[in-house]
Each structure stands twice: as C-alpha cells, then as structure tokens.
Amino acid sequence: MCGFVGFSSFSHSSYSREEVLKLMNNSIIHRGPDDEGYFQNQQINFGFRRLSIVGLSTGHQPMLSQDQKQIIVFNGEIYNYKELKSNLEKQGFEFRTDSDTEVVLHLYKKYGKEFLKYLNGMFAIALWDCDTQELIIARDRMGEKPLFYQIVNGDVIFASELKAMTKHPLVAKNISISGLNKFLTYEYVPSPFTILDQVYKVEAGEYIVITANNIKKSFYWQHPNNYADGSSISNENQAMEDIESLLENSIQLRLQADVPVGVLLSGGIDSSLVTAIAAKVKNSSDRIKSFSIYFNEDSYDESAYIKKIVQQFDLEHYHQTVSAKDMLSLVPKLGAVMDEPMADASIVPTYFLSKLTSSKVKTVMGGDGADEMFAGYPTYTANKLVQLYNVIPYELRTPLTQLASNFVPISNNNVALDFKLKQFFRGAGVASEIRFFRWMGGFLDSEKKSILNHDIASQLLGQFTYEDINRYLSRTNIHNETDRLLYLSQKLYLLDDILVKSDRASMQNSLEIRAPFLDHRLVEYVTLLPDRFKLKTLKTKYILKKLALKHLPNEIVNRPKKGFGIPITQWLREELKEPMLDLLSEQRLKQQGIFEYSAVKKLIDDHLQLKTNNRKLLWTLLSLQLWMDEFKVSL
C-alpha cells in the first residue's frame, strides 16, 4: 500500500519539474512513510511513497523493467501475484524481486494493455512505455484505490490524493459549481468528477492511455448485468456454499503478507463473518489481532457484541472509546484527512480506529462492500414500504407527514425514529433510484435553492441533479428494481463514500485496509444471483445471514443494523456547537459568497432548539468548511 504522484512533460513547461515532483510527493508521506523514490526523463516524472507490506526489502519504486523500457508506480496489492508469478516463470520470465509490482511489469510485457484483466486486487497504476511513448493510468475494478488526474496545456498531472494535485502549479484550486452541487446532493462527489474544476477521478475498472497528442479512455471491466433473475443458480444451499467458498478464498488471499494481518471488528455481521472465516483458514497459530471503537452513548456502542466475537474466536483484542473531546481534537485536521469534501461523519471513528490499529499492525481486513452487494441497508426495505405509503390518497399524505413529524419527539439516539421518519418522507413520491439517494444523501434541490447564493443557484438551473444515476444506468440492462439499487449503490455510495472514507482515514495513519467482500469474483457471482437471495420480502442480506449462522451466534447475525455512526446530533448541540457557529458564521459565509447566511442560521437554530434534526445538512456544510480551510480554495 502506497501513494504516487506524477506528470508528463510533453509541453516542456518552464517550472522546476524536480521541485514540483518532490512537493507533490511530500504531501502524501502519510501514505508511505517507509520509503520514497523518483524517476524522471524528458517525457515523464514519477514520485512514490511506500508502506511496505509485501516484498519488504525489494519492492522499491518507481520500478523499471529489466530492459529499462517500462517504468511503473503502483499503489495497492495484487492478491494473486504468486500464482501469476509462477505462470510467468514457466514461460521464461525472470524475477529480481519478491514484490507484486514486478509481476505487474512482466504481465504488461506479456499481454500489453490486456494485463489488467489478470489482476485480482486493489490498485492504482501509472506505467510509462518508452517504446510506444504512452502513459497508462488505471484503477481497480471496484475503485478501492484512488487516482486523480487533470489534462492541462497538453500534459497530464496525476496523484493518489487531491492534495497532491493542488501542489502542481498548473492545477488551479477553483471549486467546480457542478461538483459543489453534487457534493451537497450526495454528501460526496461521484466519479469521475471532483470538487475542483477540471480535475477528475479515474473511474473504477477504467484505464486511460495518454500520449503527447491523444487521450483514450476505456474500461477493462464492467459491472456484470443481472438478466432479470436469469441466474443459473436457483438453489439457496448451492448459492450459500458457493459464496462461502469464494469468501474463504478471498480471505486466504488477503491474509497473504510479509507482515501480520489483523481485522477491524464492529460487532456486526460483515466484520464478524470475516473474522470467523479468517480464524478458520489462517495458516499461523498466532491469535488474530482485532480492533474496535466503543462509545459511551448506548445507542451507538456495540461493545457487548464485539466482546462475544472476541471471546468466541480467542482474539487478541484492542479498543478505544471515542468521545466528543476526541472529535474536537480532530476537527482542525479533518479537512486534510478527508482530502475531498465528504459528509460521512463515520470518517471520525474510522480515523481513530485506524490510528489505534496502525500502532499494532500495518494491514487489516474489514467488511466493506457487503451491504451494497447483499442489500444490507434499511433503505432497501424502506423502498418496499414506500409502495404501501403510495396507496394513501395524495391529498392525505401531506397532513399525515406533518402529523407524524410533529408527534415524534427529536432524539439524539442512533437512527432514531424522528430521523427515520424525516428521511422516509424526503424520499417518498419520486422514482426508486432517486429516492434511495435522497435517503442516503444531503440537500434536496428545493433546499439548495434557498441555501445557495442566488448567482450560484441560478447557474444550476436546467441541470439534472441526478444525472450520475442516469449515466450509470445507461451502462447496464438490469431491470429488476432491487438489483438496480444495488448496482447504483456500488457505483455511487460504495465507490465515492465508503471506500474513500476507508482509504483516507486509514492511509492518514499509514494503515492498509483490505476488503474480502470486494473480490471481483465474489462481486460477479453475487450480482448474478436472484434478488430474492439478497432481499427476501423485508429481510436484508438473506443469503449472507443464512451463511453467517454457520459461523456466528444468532444474536450477532439477526440483530438490527446500527452502522458505524457517531452521536453527531447531540454533539452539534453541545461540544461541537461553538466550532459549528464559528465555521458557519455570518462574516465567514458572506466573505465566501457561496451560502445565504439566513438560510444556514435557520438550520442551526432549528437544530439547537430541537425543532428539527438537521445533523446531516449541518455536517455537510461543516465538512465543506473544514475542507476549504485546509485547501485554501475559491470559486
């Protein structure tokens, strides 16, 4: 696990290439404190930071092929590299190192641009071919590892993090109005866009070939289609066995490392199942190290369930209790941690969990991806319930909504009833795909119209807010509603919220997180299963829970989902009140010229006076302010 930066020099710009390269590379030292490296010639400039996980003494990068014709920088892990290496050796390829990076170089020698199809892993790659004078930048199938780029003045600039991009003199730090709109809508900016104008993300499963005169974008992997429940697997027990076999193999591969591999344990079904299978398939007799975050607030704390898993599998367990005081200590650097604005407050406990974990191990496994593959969120069941709500005559819905909202008191609890009702009504009355992201996201169009500066709001007129949904749907022929929502949640929420949060919070602490559920073979298999195996009536994760009962107690498998949240509702009224008032002050907002202070003040007042739970909207605004403070950007 590492980070890299780079840029082409086709146009021979006048700035000092060496100084700029080092400035960019030094900005991501947290991604790789163990080693650094550079390569420069007339056409290309590579910088690299390394966190040593595999091939500890021989994986220095940038790495050159034996004939010096190809140069690569590579961030991530190739889990099947030993198998690939063995096959290449049989074909006469010789290796100088034990690293997966050299395997990738030889694969390119053998297969050219088709080499990406052979990789099982999480990765971002930049490869310069001296023979063809081509730069190839690419990203793994599910988008676990980040890669940003910009084409400017005939050159390409690229980096593992946005902060490194901004260190290049040709990257203008201007906020994109469209990117701002997307952030306020989703609470993140969907790929391939970013919050900065003209800066983009390489998409999941995409590779881009760049020369001095041309740029060509292609996908080496596309998400599989579910042909209206046309799966050949219709037997539940067969499906369960296949999933178990694929997950076991995925975990075995992710246990491979030249350093110990731990587990992140939340007490929920996903991380607990990963832990159970890891305990079953591990080769070492050493106890598995596990790591958790606890809370003093009961509705957020899952320590009782975590302790049961620790005891069942005799784990070497470490934990930390996160408080509002800890949160306050993180506020000044949260903008740097998130790298690009994202309003998922669980980045806070993820950061502290990563900090705790990195003090003991360099790499861990987690449960990311299972909710988006097996329909684990309450929003999937709520989507079914909307059908009942829509039976109510339209003229009765508004008074019913107002009555329910006024009758239920505001609560600080995790996923409290008042919050769930408010979110439910926000999504009712629109198409299911849009409804899902209204429930998961931030501001509605009507709210943005009142909160944004008039000039900015007018620029958004005529833009379809949810164009990203249509863009992804145009790439698939999935007709089943549940499978369409799962597909979209993987392409949007998983890709640009969950995986971004996981990568930034962990790498800020020089920690690698591996996601066994995101092995592309498992993703492809589960996608093509009938939707009833994932969401059966109102039972979420149906087939995964059936499998989990083989390994875990019922009280772990079938308990209500909590999510990895923090008591942000309460903290905004108490410990975080003063920072909130400062970051959203009238003077500050008028100086920026983005938001109307009167509308923001109403959100704050209603929240503080317990009229409305505005935690999501306020946290969205605070996240943006913290990021703007760190990056010193403007419109």
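Residues numbered from 1 in each chain as written. Predicted model: local features only at pLDDT ≥ 70, side-chain atom pairs only at ≥ 80, totals over all residues. Heavy atoms only, no water.

1. Notes on the pairing of strand E6 (residues 121–129)
Logical step 1: The element E6 is extensively covered by neighbouring structure, given that 9 of its 9 residues are classed as buried.
Logical step 2: For strand E5 (residues 70–78) and E6, the ladder comprises 9 bridges, and the chain directions are antiparallel. Across the sheet, residue Asn75 finds its bridge partner in E6, namely Ala124. (Buried < 20%, exposed > 50% of the residue type's maximum accessible area, 1.4 Å probe, protein only. Helix = DSSP H or I, 4+ residues; strand = E, 2+ residues; numbered from the N terminus. Pairing = 2+ DSSP bridges.)

2. Quick notes on the nonpolar core
Logical step 1: Core analysis: the biggest nonpolar cluster contains 96 residues, and Leu119, Ile125, Phe437 and Phe517 have the highest contact counts within it.
Logical step 2: At 10 residues, helix H20 (residues 481–507) tops the list of elements feeding residues into this core.
Logical step 3: Not counting residues up to four positions away in its chain, the partners in contact with Ile125 are Phe4, Ile72, Val73, Phe74, Val104, Phe115, Leu116, Leu119, Ile136, Ile137, Ala138 and Leu147.
Logical step 4: Ranked by size, the runner-up nonpolar core spans 84 residues in total, among them Leu21, Ile28, Met580 and Leu583. (Core = buried A, V, L, I, M, F, W, Y, C linked by side-chain atoms within 4.5 Å. Contact = heavy atoms within 4.5 Å.)

3. Quick word on the packing of helix H11 (residues 347–358) against H20
Logical step 1: It is the contact of H11 with H20, at a shortest axis distance of 8 Å, that shows an interaxial angle of 40 degrees. With respect to H20, the axis of H11 lies oblique. Note that H11 runs across H20; the crossing there is right-handed. Residues Ile347, Thr350, Tyr351 and Ser354 of H11 lie in contact with H20, whose contacting residues are Lys501, Ala505 and Ser506.
Logical step 2: In terms of residue class, the contact of H11 with H20 is built from 3 nonpolar, 3 polar and 1 charged. (Axes fitted to C-alpha atoms, helices over the stretch in contact; angles between N-to-C directions. Parallel < 35°, antiparallel > 145°, perpendicular 65-115°, else oblique. Left-handed = near helix turned anticlockwise from the far one by under 90°. Nonpolar A, V, L, I, M, F, W, Y, C, P; charged D, E, K, R; others polar.)

4. Quick look at helix H1 (residues 17–26)
Logical step 1: Residues of H1 that are buried: Val20, Leu21, Met24 and Asn25. For H1, the angular spread of buried residues about the axis comes to 130 degrees, placing them on one side.
Logical step 2: For H1, the secondary structure elements touched by its buried residues are strand E1 (2–8), strand E2 (35–40), strand E3 (44–50), strand E9 (155–159) and helix H4 (162–165). (Arc of directions from axis to C-beta.)

5. Let's talk about helix H7 (residues 269–281)
Logical step 1: In a regular helix each residue adds 1.5 Å, so 13 residues correspond to 18 Å; H7 covers 18 Å between its end C-alpha atoms and thus fits that length.
Logical step 2: Counting buried positions over the 13 residues of H7 gives 11, a clear majority of the element.
Logical step 3: Taken residue by residue, H7 has Ile269, Asp270, Ser271, Ser272, Leu273, Val274, Thr275, Ala276, Ile277, Ala278 and Val281 as its buried positions. (Expected span 1.5 Å × (residues − 1).)

6. A word on the sheet that holds strand E10 (residues 200–201)
Strands in a sheet are paired, the pairing made by backbone hydrogen bonds, and the direction either parallel or antiparallel.
Logical step 1: The strand order E2-E3-E1-E9-E8-E10 describes an open sheet built from 6 strands, whose pairing is antiparallel. Looking at the sheet topology across the chains shown, the edges are occupied by E2 and E10.
Logical step 2: Lying over the sheet, H1 contacts E1, E2, E3 and E9, oriented at roughly 150 degrees with respect to E2.

All quantities given are derived from atomic positions and should not be read as evidence of function.
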